[in-house]
Amino acid sequence: MTAMDARSRESPNAPNAPNAPNAPNAPNAPNAPNAPNAPNAPGTVARPKTVYIPDMSDHVVAVTGAMRHHGIPSKVLPPSNEQTLAIGLDLCRGRECLPCFLSTGDMIRECRQDTFDRENAIFLMPASLGPCRFGQYRILQRMLLDAEGFEDVEILSPTSENSYRGFGERPTPLRLLAWTGVVAVDLLLKLRYEFRPYELEPGATDAAYGRGLRIIEDATSAGGGRHLLRALDAIVADFAALPVDRSSPRPVVAMLGEIYVMLNQHSNQGLIRQLEAAGAEVVTGTLSEWFHFADETKMDRDVLFGSWLGLLGTKSLSAYQRMTERRMHARVGRLLRQPADPPMRKLMEMARPYFDPLLGTETLLSVSKVVHYAANGVSGVVNVMPFSCMPGIVVTGLAGRLRQDLGLLPWLDINFDGQRITNIRTRLEAFIHQVTQFARSRGHIA
Ligand code: SF4
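Below you will find a few notes about this structure. (Residues numbered from 1 in each chain as written. Predicted model: local features only at pLDDT ≥ 70, side-chain atom pairs only at ≥ 80, totals over all residues. Heavy atoms only, no water.)

1. Quick look at the pattern of salt bridges
Moving on, step 1. Using the criterion set out here, one finds 23 salt bridges in the structure.
Moving on, step 2. When the shortest N-O distance is used, the salt bridge between Arg273 and Asp206 registers 2.8 Å. Within this pair, whereas Arg273 is found in helix α10 (residues 271-277), its partner Asp206 is found in helix α7 (residues 204-221), the two being separated by 67 residues in sequence.
Moving on, step 3. Look at Asp206 and you get buried, because its relative accessible area is 10%. (Salt bridge = Lys/Arg side-chain N within 4 Å of Asp/Glu carboxyl O. Helix = DSSP H or I, 4+ residues; strand = E, 2+ residues; numbered from the N terminus. Buried < 20%, exposed > 50% of the residue type's maximum accessible area, 1.4 Å probe, protein only.)

2. As for the pairing of strand β5 (residues 252-257)
Moving on, step 1. Counting buried residues in β5 gives 6 out of 6 residues, a clear majority hidden from the surface.
Moving on, step 2. Note: β5 against strand β6 (residues 281-284), 4 bridges, orientation parallel. Across the sheet, Met255 pairs through a bridge with Thr284, a residue of β6. (Pairing = 2+ DSSP bridges.)

3. Some words on the sheet that holds strand β1 (residues 50-53)
Moving on, step 1. The parallel open sheet is built from 4 strands, whose spatial order is β2-β1-β3-β4. Across the chains shown, the open sheet's two edge strands, defined by having one partner strand only, are β2 (74-76) and β4 (154-156). Pairs of neighbouring strands in the sheet enclose a mean axial angle of 30°, with direction left out of account.
Moving on, step 2. Where β1 and β2 come together, 3 bridges link them in parallel fashion. In the strand pairing of β2, Tyr52 is matched with Lys75. (Axes fitted to C-alpha atoms, helices over the stretch in contact; angles between N-to-C directions.)

4. What about the packing of helix α8 (residues 226-240) against helix α12 (residues 308-332)?
Moving on, step 1. For the pair α8 and α12, interaxial distance at closest approach is 9 Å and the crossing angle is 20°. The pairing of α8 with α12 is recorded here as roughly parallel in orientation. Between α8 and α12 lies a crossing of right-handed hand. From α8, Leu228, Leu229, Leu232, Asp233 and Val236 reach across to α12, where they touch Arg327, Met328, Arg331 and Val332.
Moving on, step 2. Considering only residue class, the contact of α8 with α12 consists of 6 nonpolar, no polar and 3 charged. (Parallel < 35°, antiparallel > 145°, perpendicular 65-115°, else oblique. Left-handed = near helix turned anticlockwise from the far one by under 90°. Contact = heavy atoms within 4.5 Å. Nonpolar A, V, L, I, M, F, W, Y, C, P; charged D, E, K, R; others polar.)

5. Some remarks on the environment of Thr284
Moving on, step 1. Residue position: Thr284 is located in strand β6.
Moving on, step 2. On the accessibility criterion, Thr284 (12% relative accessible area) is buried.
Moving on, step 3. Linking Thr284 and Lys369, residues 85 residues apart in sequence, is a C-alpha distance of 9.2 Å.
Moving on, step 4. Ignoring any residue separated from it by four or fewer positions in sequence, one finds Thr284 in contact with Tyr193, Met255, Met262, Ile272 and Tyr373.
Moving on, step 5. Of note is the side chain of Thr284, whose polar atom sits 2.8 Å from the backbone oxygen of Met255. (Polar contact = N/O pair within 3.5 Å; in protein donor to acceptor, adjacent residues only side chain to side chain.)

6. So, the packing of aromatic side chains
Moving on, step 1. Counted under the stated rule, the structure contains 7 aromatic pairs.
Moving on, step 2. For the pair Phe116 and Phe150, a centre-to-centre distance of 6.3 Å together with 75° between the ring planes defines the contact as edge-to-face. Linking Phe116 in the loop between α4 (98-111) and β3 (121-124) with Phe150 in the loop between α5 (137-147) and β4, this pair joins segments that are 34 residues apart in sequence. The exposure classification of Phe116 matches that of Phe150, with both residues buried.
Moving on, step 3. Aromatic pair Phe195 and Phe239: ring centres 5.4 Å apart, planes at 80°, arrangement edge-to-face. You can see Phe195 sitting in helix α6 (residues 171-195) and its partner Phe239 sitting in helix α8, a full 44 residues away along the chain. Each member of the pair, Phe195 as well as Phe239, is classed as buried.
Moving on, step 4. One aromatic cluster is present, built from ring pairs that chain together Tyr52, Phe116, Phe123 and Phe150.
Moving on, step 5. Geometry around Phe195 places Arg246 over its ring, the cationic atom sitting 4.7 Å from the centre. (Phe/Tyr/Trp six-rings, centres within 6.5 Å; stacked < 30°, edge-to-face > 60°. Lys NZ or Arg CZ within 6 Å of the ring centre and 35° of its normal.)

Keep in mind that these numbers describe shape and distance, not what the molecule does.
As structure tokens, then:
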């Protein structure tokens, strides 16, 4: 389900988000010394054009809420579908990865709409450094927009190079506000996945989740801070009232891997629901961990290149984020059984026996989360990746050693190339059988 789906299915009696239209409460954060602010600098919004945001996951409500607070008009692109995949496959050369096909298709589909206001449109396409193809999407998409006759349509690309701070006229407060909204959505997702397998009224958890998304979007557009804390209190009250039966705990499976496929339900064919239908409870990676990861890798680069001012700025930002995150988690933690993730630096160190943290990429995140979850009662890992994903292939290569050290933890790699995988149900059922045996042997379930 996408954010838009969730919101459109909301109950009319959804709790009201705390209102404070006259009391913007954006977190005061240290200024990013390197954040570009010039009107025409790459990665900034100089005019109030509409920013089109890809609907990668429900976290999009945090971005739209933050943009609204900062006076930036935005619009969420419709979710990816077969049409966008067909457009992406038609325009790309075939060697790109699935998120590239889909995000390119989403963009071009919007451009081809009669109602598309090309003079006032900017597409948001974040990027990252490193060997991964993600940093190249915007270059290819620029070429394709030009070839399609949309030379005047801009692409806005905040990047992991500056930890996603080159964005908007006040980049650091905007980035921080969006980030706090992202943390709130991550917590809401954790609640959803811990409650849904045990709900007594089918659909009740998803309904509460939809209400929660609306509350988070409103609180973020009101400026975050205390509005977001009150929003989390309302969400906790809503979930605490859900009727559940946890007398027969399910084995827990960690769904990890490439971030787009992990979070985008169109790409992963609704894999979390399918795992639940096969008898598992699921934990998965978060979007906020990607921000922490970007911060830590930026600090490593700052040290490497002697950028001491940049290092100081990122250290302050990172410390502020961790403190805010702890406060937010404390509001929700009493309803969650999985512990909060350790600090990113500690997580990265957990991967060291298998993968040097200096090598970076999402491989590092996936490996460290496997080690972390295995120590916290998880009985199986599903490693999801787009077909030919470079970091994903490395994780698959490391799986043998990881499993050996983790007591032959059941493991399933799933590649997604945009075509429907037809035998997935059978594979999941066989996998969950293994997971259940493993969970029993470890005393995780009776
Ligand atoms: S992580 Fe994998 S799927 Fe994502 S852009 Fe990089 S190579 Fe492509």
